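An overview of the molecular structure
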Amino acid sequence: MPYNKDVFNTPYYKEPGPKLDKDSPFESMMERFRFAAELLELDEGMFNYLASPVKQVTVSIPIVSDDGQIKVYEGYRVVHDNVLGPSKGGLRFAPDVNIDEVKALAAWMTWKCAVVNVPFGGAKGGVRCNPREMSQRELEHVTRRYTSEMLDVFGPDQDIPAPDMGTNEQVMAWIMDTYSMHSRQTETAVVTGKPIILGGSRGRKEATGRGVVTVTLAALNKMGIMPGKTSVAIQGFGNVGSISAKLMYEQGAKIIAISDVSGAYYNKKGINIPEAIAYVEKNSGTLEGFTDGDKITNAELLELDCDVLIPAAKEDQIDRKNAANIKAKIIAEGANGPVTASADSILDDAGILVIPDILANAGGVTVSYFEWVQDRQGYFWTEERVNRRLNRMMRDAFQLLYDEKEKYNITLRQAAYVYAIQKVSNTLRLRGIYG
Ligand code: NAD
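Residues numbered from 1 in each chain as written. Predicted model: local features only at pLDDT ≥ 70, side-chain atom pairs only at ≥ 80, totals over all residues. Heavy atoms only, no water.

Description of the packing of helix H7 (residues 207–223) against helix H8 (residues 239–250)
Remark: H7 packs on H8, axes separated minimally by 8 Å, with the N-to-C direction vectors making an angle of 45°. One element, H7, and the other, H8, form an angle in the oblique class. At the point where H7 passes H8, the crossing takes the right-handed sense. Along the contact surface, H7 presents Thr-208, Gly-209, Arg-210, Val-212, Val-213, Thr-216, Leu-217 and Leu-220, while H8 presents Val-240, Ile-243, Ser-244, Leu-247 and Met-248. Here the residues of the contact of H7 with H8 sort into eight nonpolar, four polar and one charged. (Axes fitted to C-alpha atoms, helices over the stretch in contact; angles between N-to-C directions. Helix = DSSP H or I, 4+ residues; strand = E, 2+ residues; numbered from the N terminus. Parallel < 35°, antiparallel > 145°, perpendicular 65-115°, else oblique. Left-handed = near helix turned anticlockwise from the far one by under 90°. Contact = heavy atoms within 4.5 Å. Nonpolar A, V, L, I, M, F, W, Y, C, P; charged D, E, K, R; others polar.)

Some words on helix H11 (residues 341–349)
Within H11, burial applies to Ala-341, Ser-342, Ala-343, Asp-344, Ser-345 and Leu-347. Taken together, the buried residues of H11 touch helix H2 (25–39), strand S11 (330–332), strand S12 (353–355) and helix H15 (412–431). Residue Gly-351 follows H11 closely and has a positive phi angle near 75°. (Buried < 20%, exposed > 50% of the residue type's maximum accessible area, 1.4 Å probe, protein only.)

So, the domain arrangement of the chain
Looking at the assigned domains, one finds that the chain contains domain 1 (53–188) and domain 2 (207–360). With four residues of domain 1 at the interface, the matching set in domain 2 holds five residues. Summing the contributions of domain 1 and of domain 2, the shared interface buries around 510 Å²; its carbon and sulfur component is 66%. On the domain 1 side of the interface with domain 2, the three residues burying the most area are Trp-108, Lys-112 and Val-115, jointly 78% of the side's total. At the junction of domain 1 and domain 2, the tally comes to zero salt bridges. (Domains from an automatic or database assignment. Buried area = accessible area lost by both parts, 1.4 Å probe. Salt bridge = Lys/Arg side-chain N within 4 Å of Asp/Glu carboxyl O.)

Looking at the sheet that holds strand S1 (residues 55–64)
The strand order across the open sheet built from five strands is S1-S2-S4-S3-S5, with neighbouring strands paired in mixed fashion. Edge positions in the sheet fall to S1 and strand S5 (159–163), since each of these pairs with one other strand and no more. Within the sheet, the average angular offset between the axes of one strand and its neighbour, ignoring direction, is 25°. Across the sheet, helix H4 (residues 99–115) lies against S1, strand S2 (70–81), strand S3 (87–94) and strand S4 (121–128), angled at about 150° from S4, the strand it touches most. (Pairing = 2+ DSSP bridges.)

A closer look at the environment of Tyr-179
Looking at where Tyr-179 falls in the secondary structure, it is placed in helix H6 (residues 169–183). Judged by its relative accessible area of 11%, Tyr-179 is buried. Look past the residues within four positions of Tyr-179 in its chain and what remains in contact with it is Thr-147, Leu-151, Phe-154, Gly-155, Pro-156, Glu-187 and Val-190.

Structural notes on the side chain of Thr-110
You can see Thr-110 is positioned in helix H4. Looking at Thr-110, the relative accessible area reads 1%, which means it is buried. A distance of 3.3 Å separates a polar atom in the side chain of Thr-110 from the backbone nitrogen of Gly-122. Apart from the residues within four sequence positions on either side, Thr-110 is in contact with His-80, Asp-81, Gly-121, Gly-122 and Val-424. (Polar contact = N/O pair within 3.5 Å; in protein donor to acceptor, adjacent residues only side chain to side chain.)

Some words on the site of the ligand
Residues in close proximity to the ligand total 19 residues, the closest being Thr-208, Phe-237, Asn-239, Val-240 and Val-261. Asn-239 is positioned with one of its backbone polar atoms (N or O) 2.9 Å from an oxygen atom of the ligand. Asn-336 is positioned such that a nitrogen or oxygen atom in its side chain is 3.1 Å from an oxygen atom of the ligand. The protein chains hide 69% of the 830 Å² of surface that the ligand would expose on its own. Those elements giving two or more residues to the shell around the ligand turn out to be H8 and strand S7 (254–260). Split into classes, the residues belonging to the shell around the ligand amount to six nonpolar, ten polar and three charged. (Near = heavy atom within 4 Å. Areas by Shrake-Rupley, 256 points an atom, 1.4 Å probe, with all protein chains shown as cover.)

A short note on the nonpolar core
One finds Trp-111, Phe-237, Ile-258, Ile-310, Ile-355, Phe-398 and Ile-421 to be the most contacted residues of the largest nonpolar core, which totals 91 residues. When residues are assigned to domains, this core turns out to be shared by domain 1 (53–188) and domain 2 (207–360), each giving three or more. In this view, Ile-310 contacts Val-212, Val-232, Ala-233, Ile-234, Gln-235, Ser-244, Met-248, Ala-332 and Gly-334; residues no more than four positions away in its chain are not counted. Within the second largest apolar cluster, 25 residues are counted, among which are Tyr-73, Val-153, Met-172 and Trp-174. (Core = buried A, V, L, I, M, F, W, Y, C linked by side-chain atoms within 4.5 Å.)

Observations concerning H6
Taking 1.5 Å per residue, 15 residues should reach 21 Å; H6 reaches 21 Å between its end C-alpha atoms and fits that length. Those residues of H6 that sit buried are Val-171, Met-172, Ala-173, Trp-174, Ile-175, Met-176, Thr-178, Tyr-179 and Ser-180. The inward-facing, buried residues of H6 contact S3, helix H5 (136–149) and S5. The backbone nitrogen of Gln-170 has a side-chain oxygen 3.1 Å away, supplied by the residue at the start of H6, namely Asn-168. A positive backbone phi angle near 65° is found at Arg-184, which sits one or two residues after H6. (Expected span 1.5 Å × (residues − 1).)

Considerations on the pattern of salt bridges
The final tally for this structure, using the stated rule, is 22 salt bridges. Of the charged contacts, one joins Glu-31 and Arg-34 as a salt bridge, the two residues approaching to 2.7 Å between their closest N and O atoms. Residue Glu-31 and its partner Arg-34 are both found in helix H2; the two are separated by three residues, about one turn of the helix. Salt-bridge contacts for Asp-344 lead to Arg-32; the nearest nitrogen and oxygen are separated by 2.9 Å. With Asp-344 in helix H11 and Arg-32 in helix H2, this pair connects stretches of sequence that are 312 residues apart. Linked through salt bridges whose partners overlap, the residues forming this network are Arg-32, Glu-333, Asp-344, Asp-357 and Arg-413.

Some details on unusual backbone geometry
A positive phi angle is found at Glu-41, which is not glycine, with a value near 50°. At Asn-117, a position not held by glycine, the phi torsion is positive, near 60°. As for its position among the elements, Asn-117 is in the loop between H4 and S4. In this structure Asn-117 comes out as partly exposed when scored by relative accessible area, which is 32%.

Here it is as structure tokens:
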């Protein structure tokens, strides 16, 4: 029995500590990390190693803006860990991004890659800028200068960025081109989330939603619920939310509510999802004015009586204040950090199965891994092969963690953190500390 069961009797497990009053994704991640470390009886040295990023780089990014002035932005890249392989993680362009946020997100990537067994460590990058107020030319200059400042960090065998908030396929194409110009050869594998024509992978855009649905179906199967008899509520109707909705709909599930920033739409008979997607495409990307459902609030959507709840919008949506009102049997975390650590034990006590973000939305990084593999092989797979391998990896990861959860009577989230931390620390012990 490898785990320290006494931790269940510690004050933390029964009643989360006061620091959780100010929930934040970083604090939530650290609480779960600490908890898993206690379960594993991780020694202090290993704890400190895993709590500290291996590399943090801050750079100035000067560009000449469209009005001829010099503007200077701040950019970051944090490599949390590279024990399992080159580090992997998105690049975020946002006005409020800062090094602490990037550090937390980088650690999150380490655990996510370990959970789905892709051979990557975790990293994250950010540039403090507002892409909505910048021209394409300015965005290109910021991206290229940022990439050139990170030439010693990035590399197909070192650190591989991907899109995140405020960045897209075009930004990835500029990173690939800038890196390639400096290395004097085309290096497609230095970045993922590229356009397919530049070495991107088929199925990458749908991968996160597809992964959410694969693990949701696996969870329903464990509970003996048929997908065709399932009611589902989904918060957020962007990439992850709309693809999850479409694939659950194709499984015969009844999608009783969907939402976006314009509000939530409830129809107890079930919403026609292909029509909702077509509506959003025609309506400048929003559900505003959607009529196939009664308007309710996003808060009400979370508390609907349904089998599956998929929060796929943003962090901190279910906390200690509303956790007791959740009626779903399964919560599949499409978004990163939609449930705060202070809500974990409330949901667990209510018998709700939470499929944690580091498993549920890991389909994106899994197909990023496939993209990297295809770029290195110079051989590109069919969409059918990508989807088949994605489904297999997600199902295997779910089964593995579910077995751990059952065996040690812990939550699926605890099982995910324990598995990830154990995997990274065991690998580090074998590699040893150089120097
Ligand atoms: P997106 O921008 O495509 O969609 C976000 C959706 O959420 C939009 O419909 C938006 O209107 C809605 N939204 C925003 N605020 C809301 C609110 N307060 N209430 C209800 N809806 C709201 O983003 P995405 O790529 O779908 O990402 C969603 C979440 O999934 C984020 O947490 C992201 O970090 C996470 N995630 C995304 C990927 C990916 O591959 N896209 C991978 C892993 C995790």
